[in-house]
Amino acid sequence: MNRYVKLVNFELGRFMKVYIALIGITIISQLAAVIVVSKSYLNNANQAMNVDHMAIETFIEQYGRMSFNDVTNSIFFIGPIALCIVTLLIYSLFIWYRDWFGKNTFIYRLLMLPTARLNVYLAKASAIFLFVLGLVGLQILLLPLERMILQWMVPIDLRWDLSINEMIRNFDRLGIMLPYSIAEFAIHYGIGFMAVIVLFTIIMFERCYRLKGILLGIGYGALALIVFFLPVFVQEFMLYNYFYPEELFMLMLVTGLLVTAGSIWMSNHLLTRKIRV
Amino acid sequence: MIEVKDITKKFGRKQVLRGVTFTAAKGEITCLIGINGVGKTTILNAIMALTPINSGQILIDGAKINKKSYEKITFIPDAITMLPQMTIGQSMQFMQDFYESWNQERATELLGFFKLKPEEKISSLSKGNTAKVNLLLGLALDVDYLLMDEPFSGIDIFSREQIAEVFTSHLVEDRGVIITTHEINDIEHLIDQVILLDDGIVVKAFNSEEIRENEGKSVVDVMREVYQQ
Amino acid sequence: MKRYWKLILLVSFTVLVIGAFYIQTSTATSRLPEFAFETVNGDEKEIEKLTLEASFIQEGIGDSFQLNADGTTYWSEYSYFERILGVNQRPKMERLQKDYRNFMRGKSMTPYHFYEDENLLVYVNLTWDTMNGYQPNDFELDIGILDKVSKEETSFQAPIPVNKNSMIYSMDVEGIHIIDGQLKIISRNYSYDKQSEKDITAYQVYLVDIAAETIQNEAIITAKEDEDSSNQYREVRIVNNKWEDIQQPMEQVVFEEGLIEESVIDEWESTYETIDRELFQYDLATGEKEEIKLPKEISNNAFPYAVNDEIIYFTEDVEGKLKLTSYNIESEELEAKQTIAIPDVTDEQGYMYKIHGDKVYVVPATKNAEQDLPLHIVHLKTGDTLYEGKITMKNPKKQDIDYNLDIHSIELDE
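Residues numbered from 1 in each chain as written. Chains lettered and ligands numbered in written order. Predicted model: local features only at pLDDT ≥ 70, side-chain atom pairs only at ≥ 80, totals over all residues. Heavy atoms only, no water.

As recorded in an unreviewed UniProt entry, chain C goes by DUF5050 domain-containing protein and comes from Oceanobacillus profundus.

An unreviewed UniProt entry annotates chain B as ABC transporter ATP-binding protein originating from Oceanobacillus profundus.

> Even after reading the chapter, I still don't get the UniProt feature "domain: ABC transporter" (unreviewed entry) in chain B, so can you show me in this structure?
UniProt's feature table lists "domain: ABC transporter" (unreviewed entry) at residues 2-224 of chain B, given in the numbering used throughout. Between the C-alpha atoms that bound residues 2-224 of chain B the distance is 28 Å, and the span itself is 30% helix and 27% strand. (UniProt positions renumbered as here; feature names shortened; annotations may be inferred. Helix = DSSP H or I, 4+ residues; strand = E, 2+ residues; numbered from the N terminus.)

> Before we go on, may I ask you to explain a nonpolar patch on the surface in this structure?
A surface patch of nonpolar side chains, about 920 Å² in accessible area, is lined by Leu225, Ile226, Phe229, Leu230, Phe233, Phe237, Met238, Leu239 and Tyr242 of chain A. Counting through the fold element by element, isoleucine 226 of chain A comes out in helix α9 (residues 182-238). (Patch = residues over 30% accessible without salt bridge, like charges linked within 9 Å, V, L, I, M, F, W, Y side chains within 5 Å. Areas by Shrake-Rupley, 256 points an atom, 1.4 Å probe, with all protein chains shown as cover. Salt bridge = Lys/Arg side-chain N within 4 Å of Asp/Glu carboxyl O.)

> I'm lost on the environment of lysine 72 of chain B in this one. Help?
Residue and element names in this part refer to chain B. Among the structural elements, lysine 72 can be located in the loop between β4 (55-60) and β5 (73-76). In the structure, lysine 72 is positioned 71 residues away from valine 143 in sequence and 4.4 Å away in space, judged by C-alpha atoms. Within the structure, the side chain of lysine 72 is placed 3.4 Å from the side chain of aspartate 61, a separation counted as a polar contact. (Polar contact = N/O pair within 3.5 Å; in protein donor to acceptor, adjacent residues only side chain to side chain.)

> Looking at this structure, I do not really get the pattern of salt bridges. What am I missing?
Side chains that carry opposite charge are capable of pairing whenever their charged atoms lie near each other. Throughout the structure, instances matching the rule amount to 29 salt bridges over all chains. One salt bridge in this structure joins glutamate 206 of chain A and arginine 207 of chain A, with 2.8 Å as the shortest N-O distance. Just as glutamate 206 of chain A is buried, arginine 207 of chain A falls in that class too. A salt bridge links glutamate 225 of chain C to lysine 198 of chain C; the nearest nitrogen and oxygen atoms lie 3.8 Å apart. One end of the pair, glutamate 225 of chain C, is in strand β12 (residues 214-225); the other, lysine 198 of chain C, is in strand β11 (residues 198-209), with 27 residues separating them in the sequence. Using a relative accessible area of 37% as the deciding quantity, one classes lysine 198 of chain C as partly exposed. Among the charged side chains, a salt-bridge network with shared partners connects Glu11, Arg14, Asp99 and Lys124 of chain A. (Buried < 20%, exposed > 50% of the residue type's maximum accessible area, 1.4 Å probe, protein only.)

> Can you walk me through the packing of aromatic side chains in this structure?
Between two aromatic rings, the relevant description is the distance of the centres plus the angle of the planes. Residue and element names in this part refer to chain A. Enumeration over the complete set of coordinates arrives at 39 aromatic pairs over all chains. Relative to tyrosine 189, the ring of phenylalanine 185 lies with its centre 4.4 Å away and its plane at 35°, an arrangement referred to as tilted. Linking phenylalanine 185 with tyrosine 189, this pair stays in helix α9, spanning 4 residues, or about one helical turn. Neither residue differs from the other here; phenylalanine 185 and tyrosine 189 are each classed as buried. Look at phenylalanine 228 and phenylalanine 229: their rings are 4.9 Å apart centre to centre, the planes differ by 70°, and that puts the pair in the edge-to-face class. (Phe/Tyr/Trp six-rings, centres within 6.5 Å; stacked < 30°, edge-to-face > 60°.)

> Looking at this structure, I do not really get unusual backbone geometry. What am I missing?
Glycine aside, residues mostly have negative phi, and peptide bonds are mostly found in the trans state. All names here are of chain C. At lysine 151, a residue that is not glycine, the phi angle is positive and equals roughly 65°. Despite not being glycine, glutamate 197 shows a phi value in the positive range, around 55°. Note that glutamate 197 resides in the loop between β10 (182-193) and β11. Its relative accessible area of 58% is what places glutamate 197 among the exposed residues.

Pasting the structure below:
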C-alpha cells in the first residue's frame, strides 16, 4: 500500500466521527421531513374531507396532490444538505490548520514523512473530495427510501408519484449535485476539485508567508479565477461571440486543467521550498 | 555528516541567523548552546527543511535533503508530533506504516524502558511521559542522524535521568546526534562537540573532551567565558 | 487491508452508488409521454418538414419538446454536449455555421441579419454606443460580405450619416438586398425632429459603397409623424413573413401604413382599431413607390401577414375562424378566399398559424387532456385541405388524466 493511499485513509479517519454525525443528521432530518410533510398534508386532507365534508376531487383541486416536491422544499430536507456543505467548506480550511495549531505539532510529522510532501497535500484534497462524493451517494440512496415512506403514508389518490430523476430535476439544488449525465457530473465535480485545489494553494501561501501570504493567496485566487474564465472574458469583451460553443468548452477545459495543474505545481513548490512549521 | 554552511535567516526584519557554519559527524553528539531566541530551533528546522533559509546550504552526507532523507535523519521537536487523540500504540503503528526504517523491536524495548503502556492516549499523558513517547518515536527509527530540540526542558527530574540514560545506551551509539539546550548540566558529560551561538553566529565551537584535557576547562567554564564577557 | 476499511468502504460505496445511479438514469425510459401526429385525412408527406416547438406540463412539472413526423424529442433527452453545444437551435443557421465556419464567427444568430443568394452571403447588424448610460448614439452598420465562390471575405463598419435636424434614438435593420450588385439596406429609424419637435418613424434605404466601405447614399422611403392626434397614431411596417428566415433576393418590398385609433374603455383597458391604411410597394432597383389599391372585400382589419412573390396574404380572425384572403398585386385581383374553421377550439385555447409557400398550417395553441389538438394544412389558392390530423398521446397512462400541452411555434425546414 503506498503512502498516498495510507495518508488518504488516515485523513478519512481523522474526520470520521464528524462525518458519521453528518450522515446521521442527514438521514434523521430528511426522514423527518418526509414524515412531517406527509402528516401535515394528511391532516389537512382529513380536516377538509371529514370535518368540512369536502369531496376528494374538490380537495385535490384546491390543494393539489402531494408530491415529493413538497418534501424537497421543506427545511428539514434542505437543512442537512446545507449543513453538510458548510461543514465540509469549513473543514477544507481546518484540515490544514488543525495540524499547525493546538498542543501537538502534527505538521512536523507530516512534513517529515519519507514521501513527497505533495502526497500529504493530495491526500487531504482526496479526503475532502471523497467526503463530498460519499454524501452525494448517501442522498442517492436516501431518495428512493424517502419516496417509499411517502408512498406508504399517503394513499395513491392523494399523491403524485415522481421518478427519482424527476425528484432531482424539480429541485435545482439537487440538480447541481446530481446533473443529468455522467459527463456533467465529471464537469461539476471537476470544477469542485479545482476549487478545492485553488483554496489549498491559497492556504499554502498563507502558511508560507503568513500575513503577507494572505495577500499573495488572495492574489493567486484572483489570478486562478481570471485564468479559468479567460475564454469567457475574451468572448464577452474582446472578440464578441468569436468562439463557437464547442471551442469555448474546449478552451475552458484547457484553462481549468491549467489552473488545477498550476495550483498543484505552485503548492508543491511552496511545500518543498517555502513551508514553515 | 551534516554540513551547515553559512546559513542566514530573517524573520520579518529580525535577522536570526547571520551565517552559521558547523558540521556534525556521525557517532558524535553535537550540542547547540545559546540563550533562548538565538535561533537554535530554527537551525534544526532548517536542516529538516521545515523552514526556508535565506541563504547558505545544508548537506546531509553530501546531498540536499529530499523525501528519502527522512528515513536517514529524524527530528524530535520539543512537542509531540502525534495527534492527542491517538494512543501510544496507534502512534507506533503510524510510524511503522510510513517508515521503512522503523524498528519495532527497539520500539518495544523503549516502551519497556520508559514504562509506557501502548493503550494510553497521548492527551492523557504527563509532560514527562509525553516527552518520552516523543523520544521513543524518534529513537525507534533506524536513522543515521537524530536531532533533538530541548529534550529536557520542563520535565521532572526522574524523567530527565531516564532520558539522559538513553544517551549513554546503545540506542544512540553510532548515530550523529544534534541536541539543542540552554541548560548544559544534565548532559555535559555526554557531549562531544559544543557549538556556542550568540547573536546569530557561532561564537565558539570546540570538542568538550579536548578542552577538558588541554585547557582543564569544563563546558560551563567556556560558556561563562563566552557569554559573560 | 483491514485497517483501510474507511477508504475501501467510502470509495466502493461512492463508485457503486453514483455509478449505478448514472447507469440507471441513462437506461431508464423517460416518464414524459410521447406525442405523435395521427393522420385523419390527406397525404403524410405534408408533415415531413413540419416541426412543432411545444411543451408538456403536468402537476407543475414538464419539459419542452419538438414534435415532428419522427416523433417527440424532449429537451432533457439531449446529451449534455448536444445541449451546451447548441444542437438544434435553428437548422438554417447551423447550415451557415457549418458551411462558412470562419465567416460566421462572432455573428448574431438572428437569421434576418443575413442575406443569401447563389453567390453572396451578406451579414448586416447594427451596433451603437450608449451615451449617458441610456441614450444610444453613433449607430454603425457592421457589414460582412462573403463571396461564396471565391471565398473572399470583406468586413467593415459603416457609420450611419448624422442629420443635423433630427436625432435618431433607435434603429432596426429590416432589409438586406443585393440589387444589380449593389448592397441596399433598409432600416426603420425612430427619430426626434428638432424643428417640428415631433417623433418620427421613417424607413430609410442606405446604399453601401462596398469598395469605399461607407454609406454612399441614403433615401427616405417613407416618414411619418408618430402621433396624429391625441387618440390616433400612425404605424408603418414592412409586410414580410420572413423574420425567421435568411433574407433572399427580391425586387419589391411591400409596406403597410396604418392610422390606428385608440378608444379608452377605462383606466386599464383600451381597444385599438385601424381606421385607415395604405399599402404600397417599393421598387428596390428604381426606388419608386407604387400604391397598392385594395378591393373593398379586404377590410381594414385584415392583417397583411405575408408576401409571396406577387401575392399578399391577408389573415383575419372571424368568430374564431381563420379567414385568409389572397390578393395578387400584378393582376390586382383577389385570388382566393378561404375560411378555415378549426373545430372545437375554445376561445381561451386560441390557435396558431403559419403561412409557408402557398400553404397555411393551423393548430390550436394549447390543449389539455380532454381537448383535441387538430392540425390542418390548407392550400391557399385552392382552399383544399391537404392534410388533417391530430396530435395524440401515445400509450397514455392512468396518471395522465391531467396535463397541458402548449405549442410555441410552427417551424418548417426548407
